[in-house]
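Structural description and commentary
One letter stands for each residue in the lines below.
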Amino acid sequence: MTFRTTGPFPPLILDDVRGAQKMLSGVARTTGMEGSRHLTALVGAPVHLKCENLQRTGSFKLRGAYVRIAGLSPVERAAGVVAASAGNHAQGVALASALLGVRSTVFMPVGAPLPKVAATREYGAQVRLHGHVVDETLAAAQEYAERNGAVFIHPFDHPDIIAGQGTVGLEILEQCPEVRTIVVGIGGGGLAAGIAVAVKALRPDVRIVGVQAAGAAGYPASLAAGHPVALDSVQTMADGIKVGRPGDLPFQLIKELVDEVRTVTEDELSSALLLCLERAKLVVEPAGASPVAALLSDPGAFRGPVVAVLSGGNVDPLLMQRILTHGMAAAGRYLSLRLRLTDRPGALAALLGTLSVADANVLDISHVRTDPRLGLTEAEVELHLETKGPEHCEDVASALRDEGYLVMR
């Protein structure tokens, strides 16, 4: 089956993806498929997690990068390659170049996660920091390619890249032949486009759902307009899908083959990341958790069996700490409140005793006596508590009120 595209690219066909799969044999891992009992119960049908977060370099990006660079002529290889990426494509290009003996230069945004920058350098690439979003970094890399003669390796807008990413789709059909819905995150669109080419050629009945962060959702507006539209700004913690404009070729394929594109909020992304860590014991970056976020936000919308593609696991530990805190708060696992009590010896100890009986864990406490709004015999206490969920939050607040405390959220 051949899928028509407009623009300077040749049609992309299933044979391209199968050729890429042969090329990647012994290079990219066939990543595992993990079941999720929690998501299965929520959706009401089997849900499986395709663990590209456990791929070499920590994401699916090695697949496309290797196929693209392996297809270069000897003259092109001698000139070296250049790429731009927030981190995952950078590492994929760096490792692929090292495996193929090609010199690589990678442009990364200022503020890119330090572990991604360090890993890219360790794979052998020369790293240059430029711009604050991927689109600015892309422009700098393209200028470098024109000036120095290096071959620009686009992160998503090239047939070889898309064919390489499409091998994820072939693996899904092999590992879960009964699949009815595939949910995959979308940034520029290379992964979703590749999966769609492979899956729709073999199983046109399978529904493919793309997911974008609401603050970087270029596809809904582009699909409505009928052509790629650049966003004025992009804001999301999910740097792996923080792309302001869809790629030309991915857009054409997604427009033709992807059944739906959904958006998820930052709260939903952080809750999904937390769920992957707690329930599946998988470290997943926000972009990789976007399909899970979509399942959590509207579980009844997906016909099973469902495969959610965890596209990457490269997350800065400091960002992970903030995201987990945010995710626990979004899940009702934290309770912040203020209350007033009589300023007398033992009052604070009595308050802590009430919290202990209510089984709330005190994370932080601030005891104020000098605020002019307080009465002569009053003190105010600000509490940050760890709880077991929204119902437990209400139970804790009720227990405090029952003991006569004035509780202020």
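The rules behind these values
Residues numbered from 1 in each chain as written. Predicted model: local features only at pLDDT ≥ 70, side-chain atom pairs only at ≥ 80, totals over all residues. Heavy atoms only, no water. Salt bridge = Lys/Arg side-chain N within 4 Å of Asp/Glu carboxyl O. Helix = DSSP H or I, 4+ residues; strand = E, 2+ residues; numbered from the N terminus. Buried < 20%, exposed > 50% of the residue type's maximum accessible area, 1.4 Å probe, protein only. Arc of directions from axis to C-beta. pLDDT = per-residue confidence, 0-100. Contact = heavy atoms within 4.5 Å. Pairing = 2+ DSSP bridges. Right-handed = clockwise from strand over helix to strand, strands pointing away.

Taken as a whole and judged by the stated rule, the model has 13 salt bridges. Ionic pairing is found between D298 and R262, a salt bridge with its closest N-O pair at 3.2 Å. Of this pair, D298 sits in the loop between α13 (286-297) and β12 (306-310) while R262 sits in strand β11 (residues 260-264), and the two are 36 residues apart along the sequence. Note on D298: relative accessible area 32%, which makes it partly exposed.

The next thing to look at is α13. Burial of α13 is extensive: 10 of the 12 residues sit out of reach of the surface. All buried positions along α13 are accounted for by P286, A287, G288, A289, S290, P291, V292, A293, A294 and L295.

On to helix α6 (residues 114-122). Buried residues of α6: K116, V117, A119 and T120, and no others. Buried residues in α6, looked at end-on, bunch into an arc of 165 degrees, giving them a common side. Structural note: α6 exposes L114 and E122 on the side pointing more than 90 degrees away from its buried face. Positive backbone phi, approximately 110 degrees, marks G124, located one or two places after α6.

Further remarks concern the confidence of the model for the protein. Put simply, the protein has an average pLDDT of 89, and 94% of its residues get 70 or more. Below pLDDT 50 for its whole length, residues 1-6 participates in 22 contacts with residues either more than four positions away or in separate chains.

The next subject is the environment of R303. Along the polypeptide, R303 turns up in the loop between α13 and β12. With 285 residues separating them along the chain, R303 and R18 place their C-alpha atoms 27 Å apart. Once you skip the residues sitting within four places of it in the chain, R303 turns out to touch R180 and T181.

Neither face of strand β5 (residues 81-84) is exposed, since V81 and A83 on one face and V82 and A84 on the opposite face are all buried. Pairing of β5 with strand β6 (residues 104-108), which is carried by 4 bridges, proceeds in the parallel orientation. Pairing of A83 across the sheet is with V106, part of β6. As a crossover connection, the stretch from β5 through helix α5 (residues 88-100) into β6 is right-handed. Where β5 meets strand β8 (residues 151-153), 3 bridges bridge the pair, whose relative direction is parallel. By the bridge assignment, V81 is partnered in β8 with V151.

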